[in-house]
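# Understanding the architecture of this molecule
Spelled out from the first residue to the last, the chains are:
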Amino acid sequence: MNTPTNLKYSKTDEWVNVDGNIATIGISDYAQDQLSDIVFVEIVVAVGDTVKPGDTLASLESVKAAADVNCPVSGKVVEINEALAQTPEVVNSDPYGKAWMVKVELANTSELETLMDASSYEKYCAERSH
Amino acid sequence: MTEPTIYELSSPGRLGVRYPDPDVPLTPLPTEFVRDSLPLPELSEPDVIRHFTRLSTFNYNVDKGLYPLGSCTMKYNPKVNEEAARLPGFALTHPLQPEETVQGNLALMYELQEWLKEISGFAGVSLQPAAGAQGEFTGVMIIRAYHKARGDTKRTKILIPDSAHGTNPATSAMSGYQVVNLPTDSNGNVDLNALKNVLDDQIAGLMLTNPNTLGLFDVNVVEVNRMVHEAGGLVYGDGANLNALLGITRPGDLGFDIMHFNLHKTFSTPHGGGGPGSGPVAVAKHLVDFLPGPIVDIIEEGTEEEPPLYGFCMPSKSIGRVKSFFGHFGMMVRAYVYISMHGPEGLRNIAEHAVLNANYLLARLRNTYKIPYDRICMHEFVAEGRWEDAPGIRALDIAKRLIDYDFHPPTNYFPLIVHEALMIEPTETENKQTLDRFAEALIKIAQEAHQSPELLKEAPHNTPVRRLDEVKAAKELVLCCWIPEN
């Protein structure tokens with residue numbers, strides 16, 4: 001399992017990459033492995049939308065299950081990855097790169113402290129695998 | 001695929017049927033409707049019969065062998081059901097016939113309603129819903145109508161345990177409710193503390209599948225129902241797993257307000273490709289007036305010489321019709337035959353054997369497959385299809401390999417709360433020899449997973465088509481072999 005140390009992770013398996021006040025959000029390598037082959041991605045927010053923790057950002061479908069991508073932070077959506085609709089398989093092949101989903105301008109950076117760092121997230125994943 | 005499509009078998013000018021010369025004057029079709037652009041296949045009668053007969057032999061079905069598809073109750077469907085449903089008095093009647101000419105049909109529906117009430121412990125039944133999911137939808141519409149009639153309009157949420165059938169959250173969302181997920185505790189029951197924390201005056205109800213999708217009977221069910229009622233909500237019981245309870249306990253007595261039956265699971269009417277489902281809905285006394293209709297009732301009591309006069313009635317606050325006419329009548333005939341063949345003792349035997357069979361399989365497999373919620377199960381259980389020392393093997397590979405052993409795979413990847421879930425429901429119609437063969441196949445596959453994993457990864461090996469590319473199938477939705485040119 002690949003868990004880059006420069007990212008923050010949520011309990012519902014999203015990763016967050018913070019650059020200035022912009023948070024880029026996607027799903028973790030653990031999450032894509034659990035879902036198996038992703039065949040459908042729909043980003044359900046639009047640029048300009050205000051989002052808060054727990055809001056649904058995207059719907060995913062794999063050959064075995066459907067899942068929502070939850071927003072881990074509050075803020076305003078500034079960019080969405082429109083290419084994913086055509087290439088859902090990159091969620092499996094490049095979850096931390098090409099498969100970024102939404103960029104949010106952070107309204108409250110203190111929320112980031114509630115997220116896990118890579119080593120806590122790895123521990124959290126290991127616990128759930130038993 | 002070893003069998004060409006019917007279009008590939010077609011040859012211009014080949015005919016199945018030759019009509020005699022007509023003995024009435026010919027009227028040509030209006031020219032604007034005559035086209036030669038439709039590539040209809042042209043075949044002889046033996047071409048057609050052999051094509052479809054060959055295709056049917058590729059299929060797996062309950063008449064061929066064990067079909068342990070968890071949650072679906074793929075029991076054997078007795079052939080006497082089919083005989084009865086084809087009796088001309090049933091098969092040749094029309095729903096628009098005057099009621100007095102179909103009194104026998106109405107009597108059957110009335111008795112079936114009464115029997116379902118007795119079996120489930122409820123006060124009223126509507127036979128109308130087309131299948132389980134529509135039964136659920138009907139039930140949630142009744143919940144809405146009940147709160148609305150009381151002027152209680154702030155209830156916008158429905159609670160769904162994460163061990164519920166997947167249709168439960170779908171039903172609630174489709175009915176306009178917000179779905180609130182409830183976790184399962186470590187024993188596989190609804191987490192009572194979590195329930196306590198979310199209950200308030202915005203909860204319209206809770207949908208409980210009991211036994212749940214782990215195949216476990218929620219031992220706190222009476223307490224769960226009491227807590228929801230105390231908060232002003234109603235409890236919907238998903239009756240899809242009633243197979244395990246028949247003659248032993250009644251959902252109505254446990255405090256449920258509404259439930260649906262799956263005649264096509266519990267009462268042996270065919271399902272899957274075999275026929276429509278049927279999802280009657282039962283309700284407790286305080287909800288009888290909301291049932292969808294029309295419902296069969298006695299219009300005029302009978303005498304010693306004369307049977308009663310049956311007719312259709314609409315409940316006073318009915319949510320309306322949920323299906324054209326009166327539901328899937330042919331399925332009601334089959335369920336009626338099944339219930340009358342078994343009687344009260346026989347129905348109890350069904351539940352006992354469904355539970356015994358599942359527990360026997362569980363006991364044979366628990367040393368080979370991890371059982372995450374391991375306790376006495378009801379009619380089904382969930383195993384994990386993975387081993388730490390067999391990396392790369394997933395539930396899907398085990399399911400595909402079972403096909404090589406001539407068994408239908410169990411349900412996989414559901415419920416979601418078990419990793420690599422294999423959900424196994426043998427049903428009561430399987431004998432010990434079949435269960436042993438199935439258990440031995442699964443044990444052998446576990447050995448293969450460790451010793452020659454490629455056997456699983458490349459399975460199935462013995463089928464007309466090898467493993468299907470599910471990703472391609474999900475992404476490229478080409479559903480017909482011929483696409484109109486314009």
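Everything numeric here is computed off the predicted structure, so don't read it as measured data. (Residues numbered from 1 in each chain as written. Chains lettered and ligands numbered in written order. Predicted model: local features only at pLDDT ≥ 70, side-chain atom pairs only at ≥ 80, totals over all residues.)

## A few points about the overall build of chain A
Within chain A, the regular secondary structure consists of three helices and nine strands. Going residue by residue from the N terminus, the α and β elements of chain A occur as β-β-β-α-β-β-β-β-β-α-β-α. At 14 Å, chain A has a C-alpha radius of gyration in line with the 14 Å of a compact globule built from 130 residues. Along the first, second and third principal axes, the C-alpha atoms of chain A reach 35 × 35 × 20 Å. By the burial criterion, 35% of the 130 residues in chain A qualify as buried. (Helix = DSSP H or I, 4+ residues; strand = E, 2+ residues; numbered from the N terminus. Rg over C-alpha atoms; globule rule 2.2 N^0.38 Å. Buried ≥ 20, exposed ≤ 12 C-beta atoms within 10 Å, placed from the backbone.)

## A look at the overall build of chain B
The helix and strand inventory of chain B stands at 14 helices and twelve strands. In summary, chain B has a C-alpha radius of gyration of 26 Å against a globular reference of 23 Å for 486 residues, a match within 12%. With 486 residues in all, chain B has 42% of them scored as buried. Long-range contacts, defined as pairs at least 24 residues apart, comprise 73% of the intrachain contacts of chain B with a sequence gap of at least 6. (Contact = placed C-beta atoms within 7 Å.)

## Here's the deal with the packing of helix H11 (residues 395-404) of chain B against helix H12 (residues 432-451) of chain B
Residues and elements named next belong to chain B. Between H11 and H12, the least distance of the axes is 10 Å, while the angle of their chain directions is 125°. Between H11 and H12, the crossing angle belongs to the class labelled oblique. In the crossing of H11 with H12, the sense of the turn from one axis to the other is right-handed. Taking contact as the criterion, the partners of Ile398, Arg401 and Leu402 in H11 are, on H12, Ala441, Ile445 and Glu448. (Axes fitted to C-alpha atoms, helices over the stretch in contact; angles between N-to-C directions. Parallel < 35°, antiparallel > 145°, perpendicular 65-115°, else oblique. Left-handed = near helix turned anticlockwise from the far one by under 90°.)

## Some thoughts on unusual backbone geometry
Residues and elements named next belong to chain B. That bond from Asn210 to Pro211 is cis: its omega, 0°, falls within 30 degrees of zero. Of note, the amide linkage connecting Ala459 to Pro460 takes the cis form, showing an omega dihedral of 0°. Note that Pro460 resides in the loop between helix H13 (454-457) and helix H14 (470-475). Non-glycine residue Thr427 carries a positive phi angle of around 70°. With respect to the element layout, Thr427 can be found in the loop between strand E12 (421-424) and H12.

## A closer look at the nonpolar core
All names here are of chain B. Ile258, Met332 and Ala335 are the most contacted members of the largest nonpolar core, which has 110 residues in total. Looking at this core, the element that brings in the most residues is helix H10 (residues 329-365), giving 17 residues. When residues of this core are assigned to domains, at least three fall in each of domain 2 (79-340) and domain 3 (344-472). Beyond its immediate sequence surroundings of up to four residues, Met332 is in contact with Leu108, Met109, Leu112, Leu127, Ser278 and Gly327. (Core = buried A, V, L, I, M, F, W, Y, C linked by C-beta atoms within 7 Å. Domains from an automatic or database assignment.)

## Side note on the sheet that holds strand E10 (residues 381-384) of chain B
Residues and elements named next belong to chain B. Pairing within the open sheet is antiparallel, and its three strands lie in the order E10-E12-E11. This sheet does not close on itself; its edge strands, each paired only once, are E10 and strand E11 (411-412). When E10 meets E12, the two strands line up antiparallel, connected through four bridges. Bridging from a neighbouring strand, Ala383 pairs with Leu422 of E12. (Pairing = 2+ DSSP bridges.)

## Quick word on the environment of Pro20 of chain B
Inspection of the secondary structure puts Pro20 of chain B in the loop between helix H1 (6-9) and helix H2 (45-58). For Pro20 of chain B, a count of 5 C-beta atoms within 10 Å translates into the label exposed.

## Looking at the domain arrangement of chain B
Split into domains, chain B comes out as domain 1 (6-58), domain 2 (79-340) and domain 3 (344-472). Measuring from the centre of the C-alpha atoms in domain 1 of chain B to the corresponding centre in domain 2 of chain B gives 45 Å.

## Some details on the interface of chain B and chain A
Counting from both sides, the interface comprises seven residues of chain B and, opposite them, six residues of chain A. For the side of chain B that touches chain A, the residue count by class is four nonpolar, one polar and two charged. (Nonpolar A, V, L, I, M, F, W, Y, C, P; charged D, E, K, R; others polar.)

## What to know about the sheet that holds strand E6 (residues 258-260) of chain B
All names here are of chain B. Here we have seven strands laid out as an open sheet, ordered E1-E7-E6-E5-E4-E2-E3, and mixed in their pairing. Across the chains shown, the open sheet's two edge strands, defined by having one partner strand only, are strand E1 (124-126) and strand E3 (178-182). If you compare each strand with its neighbour and ignore which way they point, the axes differ by 20° on average.

## Thoughts on the packing of helix H6 (residues 132-149) of chain B against helix H7 (residues 167-174) of chain B
Residue and element names in this part refer to chain B. Between H6 and H7, whose axes approach to 9 Å, the crossing angle comes to 45°. Considering the angle they form, H6 stands oblique to H7. Where H6 crosses over H7, the two elements pack in a sense that is right-handed. Across the interface between the two elements, Gly132, Ala133, Glu136, Phe137 and Val140 from H6 touch Thr167, Asn168, Thr171, Ser172 and Met174 from H7. Class assignment of the residues belonging to the contact of H6 with H7 gives a composition of four nonpolar, five polar and one charged.

## Some words on helix H9 (residues 221-230) of chain B
Residue and element names in this part refer to chain B. All of the buried residues along H9 are Val221, Val224, Asn225 and Val228. Down the axis of H9, the buried side of the element spans an arc of 95°, and every buried residue falls inside it. Facing away from the buried side of H9 by over 90 degrees, the exposed positions are Val222 and Glu230. Where H9 is buried, its residues touch helix H8 (192-198), strand E4 (203-209) and strand E5 (234-238). Residue Gly232 follows H9 closely and has a positive phi angle near 90°. (Arc of directions from axis to C-beta.)

## Section: H12 of chain B
Residue and element names in this part refer to chain B. When the terminal C-alpha atoms of H12 are compared, their 28 Å separation across 20 residues agrees well with the 28 Å that a helix rising 1.5 Å per residue should span. Of the positions making up H12, those classed as buried are Phe438, Leu442, Ile445, Ala446, Glu448 and Ala449. Along the axis of H12, the buried residues cluster in a sector spanning 165°; they form a single face. Exposed residues pointing more than 90 degrees away from the buried face of H12 are listed as Lys432, Gln433, Glu440, Gln447, His450 and Gln451. Residues of H12 that are buried make contact with H10, H11 and H13. (Expected span 1.5 Å × (residues − 1).)

## A short note on the environment of Tyr413 of chain B
Topologically, Tyr413 of chain B is positioned in the loop between E11 and E12. Distance from Tyr413 of chain B to Ile160 of chain B, taken between C-alpha atoms, is 19 Å for residues 253 residues apart in sequence. Aside from chain neighbours lying at most four places away, what touches Tyr413 of chain B is Lys64 and Ala65 of chain A together with Ala395 and Ala421 of chain B.

## So, the environment of Phe52 of chain B
Position of Phe52 of chain B among the secondary structure elements: in helix H2. Residues Phe52 of chain B and Arg86 of chain B lie 34 residues apart in sequence; the distance between their C-alpha atoms is 23 Å.

## So, the confidence of the model for chain B
When pLDDT is averaged along chain B, the result is 94, and 98% of the positions lie at 70 or above. Both scores are available for the predicted complex, with the pTM at 0.89 and the ipTM at 0.78. (pLDDT = per-residue confidence, 0-100.)

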